[in-house]
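One letter stands for each residue in the lines below.
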Amino acid sequence: MGEEKPKSAGVWPTVKPFVNGGVSGMLATCVIQPIDMIKVRIQLGQGSAAVVTKTMLKNEGIGAFYKGLSAGLLRQATYTTARLGSFRILTNKAIEANDGKPLPLYQKALCGLTAGAIGASVGSPADLALIRMQADATLPAAQRRNYTNAFHALYRIVADEGVLALWKGAGPTVVRAMALNMGMLASYDQSVEFFQDNLGFGEAATVIGASSVSGFFAAACSLPFDYVKTQIQKMQPDATGKFPYTGSLDCAAKTLKAGGPFKFYTGFPVYCVRIAPHVMMTWIFLNQIQKLEKKAGL
């Protein structure tokens, strides 16, 4: 019995949660990218989901919905790899410290907060490139940056604004990621336990049910932070060189004053439709990857 332990030794068991997380996030992004594009345009004040979709199709064609896909994939390869991998490592360590018993919700939430902060710190440059690329078409021709892909965006940002500019808006990005991952990761693990142990659900029903709950809490917890983050990352100086906001707190205060608390939930239906399916598909892809690995003996 004790001889089975060496099988888990080595690099792969440590690396596996990170690889699985990144691949599942990238697959989900390929499906969700068009909805994400519409969400950003709504937040930039271009109208409702129907108006934005019609305008994009008419003026820019179907390819507009996949603008920024390379940045989206790069973001998942960094952000989701780091957050899902570190969450699984943290929860495994916490379960060990808890003598193998399931973790209480608050400990899962703390692991989710930590994993979100780690993932956002790693993925912030790619996130900035994604927002810039998606917002570019909405700017006047003279102000467009005309990035060709994610790597070109990163190169231009470093060349024009310096290396530290890659982490522009990193503060609100990290805070938003902590809120999203606390909602997403903790609620998923808690829901899996509830559906299996209390309701007796099978594997497929458990994954679908838990991922749906996870998607809802991820959206509900994160949209206000996402709104502020998007405003900070897309802001441009006026004719005098002054930016509209000095930081995330200033942006939040001005938004609250101008539009009230519900302004932070601009585009909530589309955001929820975008976040929840992405979360669901990430978990579903992750579950399928894990099943394939189990079959392959990995």
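Residue numbers restart at each chain and count upward from 1, following the sequence in its written direction. Local features in this predicted model are restricted to residues whose pLDDT is 70 or higher, and side-chain atom pairs enter the listing and the counts only when it is 80 or higher, whereas totals over whole chains, interfaces and linings include all residues. Side-chain metrics rest on all non-hydrogen atoms present in the structure, leaving aside hydrogens and water.

An unreviewed UniProt entry lists the protein chain under the name Mitochondrial dicarboxylate/tricarboxylate transporter DTC, with Fraxinus pennsylvanica given as the organism. UniProt positions are given in the numbering used here, feature names are shortened, and annotations may be inferred rather than shown by experiment. Turning to the protein chain, the UniProt record has this under Sequence similarities (unreviewed entry): "Belongs to the mitochondrial carrier (TC 2.A.29) family." If you open the UniProt record of the protein chain and go to Subcellular location (unreviewed entry), you find "Mitochondrion inner membrane".

Draft legend 1. Layout of the environment of A177. Looking at the element boundaries, A177 is found in helix 6 (residues 170–198). When its relative accessible area of 2% is taken as the criterion, A177 is described as buried. Sequence separation between A177 and A150 is 27 residues, and the spatial gap between their C-alpha atoms is 21 Å. Contacts are assigned to residue pairs that have any heavy atoms within 4.5 Å of one another. Other than its neighbours up to four places away in sequence, A177 contacts Y79, G116 and A120. Strands are runs of DSSP state E lasting at least 2 residues, helices are runs of H or I lasting at least 4, and numbering of each runs from the N terminus. Only protein chains enter the accessibility calculation, which uses a 1.4 Å probe; a residue whose area is less than 20% of its type maximum is buried, one above 50% is exposed, and one in between is partly exposed.

Draft legend 2. Expanded view of the packing of helix 3 (residues 69–97) against helix 6. To obtain each axis, a line is fitted to C-alpha atoms, and for helices this fit is confined to the stretch in contact; angles are then taken between N-to-C directions over 0 to 180 degrees. With their axes 12 Å apart at the nearest point, helix 3 and helix 6 run at an angle of 50 degrees to one another. By the angle between their directions, the pair helix 3 and helix 6 is classed as oblique. Crossing geometry of helix 3 relative to helix 6 is assigned as right-handed. Where helix 3 abuts helix 6, its residues R75, Y79, R83, L84, F87, R88 and T91 lie against R176, A177, L180, N181, M184, L185, A186 and D189. Side-chain classes are defined by residue name, with Ala, Val, Leu, Ile, Met, Phe, Trp, Tyr, Cys and Pro counting as nonpolar, Asp, Glu, Lys and Arg as charged, and the others, Gly among them, as polar. Here the contact of helix 3 with helix 6 is built from residues that sort into eight nonpolar, two polar and five charged. Throughout, the term roughly parallel applies to angles under 35 degrees, roughly antiparallel to angles over 145, roughly perpendicular to angles from 65 to 115, and oblique to all others. Left-handed is the label given to a crossing in which the near helix is rotated counterclockwise from the far helix by less than a right angle, and right-handed is the label when the rotation is clockwise.

Draft legend 3. Summary view of the packing of aromatic side chains. Paired rings are identified among Phe, Tyr and Trp, the last through its six-membered ring, by centres lying within 6.5 Å, and are further divided according to the angle between planes into stacked (under 30 degrees), edge-to-face (over 60) and tilted (the rest). By the definition in use, this model includes six aromatic pairs. Between Y188 and W283, the ring centres sit 3.8 Å apart and the planes meet at 5 degrees, which makes this aromatic pair stacked. Of this pair, Y188 sits in helix 6 while W283 sits in helix 9 (residues 268–296), and the two are 95 residues apart along the sequence. For the pair Y188 and W283, one class covers both residues: buried. Pairing Y227 with F264 gives two aromatic rings, centres 6.3 Å apart and planes at 85 degrees, and the pair type is edge-to-face. Of this pair, Y227 sits in helix 7 (residues 203–234) while F264 sits in the loop between helix 8 (248–259) and helix 9, and the two are 37 residues apart along the sequence.

Draft legend 4. Structural context of the packing of helix 1 (residues 12–43) against helix 2 (residues 49–59). Interhelical geometry of helix 1 versus helix 2 gives an angle of 110 degrees and a closest axis separation of 9 Å. In terms of orientation, helix 1 and helix 2 fall into the roughly perpendicular class. Relative to helix 2, helix 1 is oriented so that their crossing is right-handed. Together, M37, I38, R41 and I42 of helix 1 and A49, V52, T53 and M56 of helix 2 make up the contact between the two elements. For the contact of helix 1 with helix 2, the class distribution of residues is six nonpolar, one polar and one charged.

Draft legend 5. View of the pattern of salt bridges. Here, a salt bridge means any Lys or Arg side-chain nitrogen found within 4 Å of an Asp or Glu carboxyl oxygen. If you walk through the whole model with that rule in mind, you get eight salt bridges. Among the salt bridges present, the one from K108 reaches E193, with a minimum N-O distance of 2.9 Å. With a gap of 85 residues between them, K108 in helix 4 (residues 105–136) and E193 in helix 6 connect regions that are remote in the sequence. The class for E193 is partly exposed, based on a relative accessible area of 24%.

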